[in-house]
Amino acid sequence: MRPVPLFGIGNQAKSVNVSAQDRLNLYVEVNTDAEKHVITMYGTPGLSSFVDFGAFPSRGWYRLGNFNYIVNRDKLYRVANDGSFVVLGTLLTNAGRVDISDNGVQIIIVDGPNGYIYLVDPQVQTISTITRVTTTATLTTAAAHGLSTGMQITVSGASPAQYNGTFTVTVTGNNTLTYVMGSDPGSSASPVGTYAVASAFARITDPDFPGASTVTFLNQRFIITEPDSGKFWCSQLLDGSAFDGLDFATAEFAPDNLVRCMADAGQLYLFGTTTTEIWGDSGAADFPYAKVGGGAVEWGLDARWSLAKYMNSLAFLGRNRLGQVQVCLMAGAQVQPISNPQVEAQFSTYGDTSNATGFAYMVNGHPFYQINFPTVGKSWLYDGQSKCWSRLESSGGLHRIQGAVQLLGSIYGADYKNGKLYKIEPDVYTDDGQMIVREFTSRHLATGDFTHLPELWIEMESGVGLQAGQGSNPKIMMQISRDGGKTWGNELWRSLGEVGEYKKRAKWNRLGRFYDGVFKFRVTDPVKTTFVHAWGKVSR
């Protein structure tokens, strides 16, 4: 037996005669200090159910501190790592993606026409003074209160009693707010008591707020993109509810609308449909952002929700000046395509790609960027460790996860089809109980003459069978193409070994002769799947 070079990191080419390679729900690990072989293939993570918000898919997800924040339909939820959740507020819209950011004190959510503020950790506050004009009370605090107009507070311990109760506030300054009492108390409050936040969620009501399609945070201010325009705005310092009608600028290198803004490594990236501009903090007292350099990057963002922070850069589905769609990394002002011609040839057949979604996560030292194409029901996974692309599927179609967040060492993914939130786990071998098909198509085995293959052994981790049920005696299926990947023979099944059968070999004999052979291997049982190497007896 000698090694047979079936494993590779390529993808199916425009002609299978060039390359028929393909991986489904497998990722590649490149072993620099290989004991057996440079390339190993592992099964991609499975999904286990965590929280279910109902029939409709979630609209946005975000992590801050020890909680995940999920927008589903018109509700903002806070989710703990034990799966418990509470409703924090109600949005005015119930469909369409939202964007979320924070400044450590406030979470801001934008849905296009509206913006919303949630005060993350409201504390019982000391009041400096409460005065009144008839039934309108003006409350002053010693420290900035962080509240937004429309939130509610509960005042207690003040006298006269009319000052006490739960009220909706109107913010008039960083340290002042007003509320309306049921009757005139006749004098200022003494003692003034304290207040606690009763409702920490409110819509942004500042008349200068223009609506926002996306949001990010940089140097103490939120930055938003105005819908259907080239304008972006910044909030007041550390207050996402306050905007000034003069605090905006326009990305002007090209007359394209802004698609999304994102801060990264201290710079502000303004992605348009055909160009991207990079801005930084100028330190100016009024509008503090200025363009970095004199030009722009001539790459546009083809799909708003494909943009994600990935390793030390930004990953996104971009469109270059020639109109080609490619997956790219942007670090500084440098754009580097990471999709290869084989993958891009498949992208070109997908039609509308503007609704693609992308996100990043890391498993076992592998930084993954996943991109989904809902129009055609296709999903792809890029691995920054091996620089390799693989296909993903759930139940024969689009992979179920449309976005992911991390919390306390776990990775959580939101379903594109319903309101389920899953844990993404490398040691789970189903998608919430549904079968995961793991398959790879090999490199061409061709010697320039007819090849005789009396024996082939695929080395895998064996003895992985389950105690009972499907997977108790897991199988691997092999098919052979004797014409370079155009047609395939029947499936030939072999056992991977019941539990503890660690010496079991998946071996096929008397495979005949071929001029250009390609092999396809498939596992559908819910067991650990690891392809280590291929061995065989090969002769001419």
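Residues numbered from 1 in each chain as written. Predicted model: local features only at pLDDT ≥ 70, side-chain atom pairs only at ≥ 80, totals over all residues. Heavy atoms only, no water.

Draft legend 1. The arrangement of unusual backbone geometry in detail. Along the chain, Ser-159 connects to Pro-160 via a cis peptide bond; the corresponding omega equals 0 degrees. Mapped onto the fold, Pro-160 is located in the loop between strand 15 (152–156) and strand 16 (165–168). Cis peptide bonds are those with omega within 30 degrees of zero, and the linkage from Ser-190 to Pro-191 qualifies with 0 degrees. As for its placement among the helices and strands, Pro-191 is situated in the loop between strand 18 (176–180) and strand 19 (194–199). Positive phi outside glycine occurs at Lys-387, with the angle close to 60 degrees. As for its position among the elements, Lys-387 is in the loop between strand 36 (378–383) and strand 37 (388–392). For Lys-387, a relative accessible area of 53% gives the class exposed. Positive phi is not limited to glycine here, since Arg-510 has a value of about 55 degrees. Structurally, Arg-510 is set in the loop between strand 45 (506–509) and strand 46 (513–514). (Helix = DSSP H or I, 4+ residues; strand = E, 2+ residues; numbered from the N terminus. Buried < 20%, exposed > 50% of the residue type's maximum accessible area, 1.4 Å probe, protein only.)

Draft legend 2. Quick look at the sheet that holds strand 7 (residues 67–72). Read from one edge of the open sheet, four strands run 6-7-8-9, paired in antiparallel fashion. Every other strand in the sheet has two partners, leaving strand 6 (58–64) and strand 9 (85–90) as the edge strands with one partner each. Between one strand and the next, the sheet's axes are offset by a mean angle of 25 degrees, whatever the strand orientation. In this structure, strand 8 (residues 75–79) lies alongside strand 9, joined through five bridges in antiparallel fashion. Across the sheet, residue Tyr-77 finds its bridge partner in strand 9, namely Val-87. (Pairing = 2+ DSSP bridges. Axes fitted to C-alpha atoms, helices over the stretch in contact; angles between N-to-C directions.)

Draft legend 3. Representation of the nonpolar core within the structure. Among the nonpolar cores identified, the biggest contains 48 residues, and Leu-76, Ile-109, Ile-130, Leu-139, Ile-153, Val-155 and Tyr-179 are the most heavily contacted of them. Ignoring any residue separated from it by four or fewer positions in sequence, one finds Leu-76 in contact with Tyr-69, Ile-70, Val-71, Val-86, Val-87, Leu-88, Gly-89, Leu-91, Ile-109, Tyr-118 and Phe-201. Core analysis: the next-biggest nonpolar cluster, separate from the first, contains 28 residues, Leu-456, Ile-480, Leu-511 and Phe-519 among them. (Core = buried A, V, L, I, M, F, W, Y, C linked by side-chain atoms within 4.5 Å. Contact = heavy atoms within 4.5 Å.)

Draft legend 4. Representation of the layout of surface pockets within the structure. Put simply, the largest pocket is a space of about 910 Å³. Lining the largest pocket are 33 residues, with Tyr-62, Met-262, Lys-309, Ala-404 and Val-405 positioned closest to its centre. Going through the elements one at a time, strand 6, strand 10 (99–102), strand 21 (214–218), strand 25 (258–264), strand 30 (308–310), strand 34 (357–363), strand 35 (366–373) and strand 38 (401–407) are the ones with two or more residues in the lining of the largest pocket. Residues of the lining of the largest pocket, tallied by class, amount to 21 nonpolar, seven polar and five charged. The computed volume of the second largest pocket comes to approximately 570 Å³. The wall of the second largest pocket is formed by 29 residues, among which Gly-146, Leu-147, Asn-174, Leu-238 and Asp-239 lie closest to the centre. Breaking the lining of the second largest pocket down by element, the ones donating at least two residues are strand 17 (170–173), strand 19 and strand 24 (239–250). Here the residues of the lining of the second largest pocket are counted per class, giving 12 nonpolar, 14 polar and three charged. (1 Å grid on protein atoms, 1.4 Å probe; cavity = no way out; pocket = protein on both sides within 12 Å on 5 of 7 lines; lining within 4 Å. Points joined across faces, edges and corners; volume = space filled by probe spheres on them. Nonpolar A, V, L, I, M, F, W, Y, C, P; charged D, E, K, R; others polar.)

Draft legend 5. Representation of the pairing of strand 37 within the structure. Here strand 37 lies mainly inside the structure; five of its five residues are buried. Here strand 36 runs beside strand 37; their pairing, made up of five bridges, is antiparallel. Bridge pairing links Ser-379 to Leu-392 in strand 37. In this structure, the hairpin formed by strand 36 and strand 37 is closed by a connection of four residues, where Lys-387 is found at a positive phi of approximately 60 degrees.

Draft legend 6. Molecular detail of the sheet that holds strand 38. An order of 5-40-39-38 is seen for the four strands of this open sheet, with the pairing classed as antiparallel. A single partner strand is all that each edge strand has here, and the edge strands are strand 5 (46–52) and strand 38. The average angle at which neighbouring strand axes cross in this sheet is 35 degrees, direction not considered.

Draft legend 7. Looking closely at the pattern of salt bridges. Here the structure, examined in full by the defined rule, presents 16 salt bridges. With a closest N to O distance of 3.8 Å, Lys-291 and Glu-277 form a salt bridge. Note that Lys-291 is positioned in strand 28 (residues 289–291) and Glu-277 in strand 27 (residues 276–281), a separation of 14 residues in sequence. Given the relative accessible area of 31%, Lys-291 is considered partly exposed. Across the pair Lys-537 and Glu-455 runs a salt bridge whose closest N-O atoms are separated by 3.6 Å. With Lys-537 in strand 48 (residues 530–539) and Glu-455 in strand 42 (residues 451–460), this residue pair connects regions lying 82 residues apart in the sequence. (Salt bridge = Lys/Arg side-chain N within 4 Å of Asp/Glu carboxyl O.)

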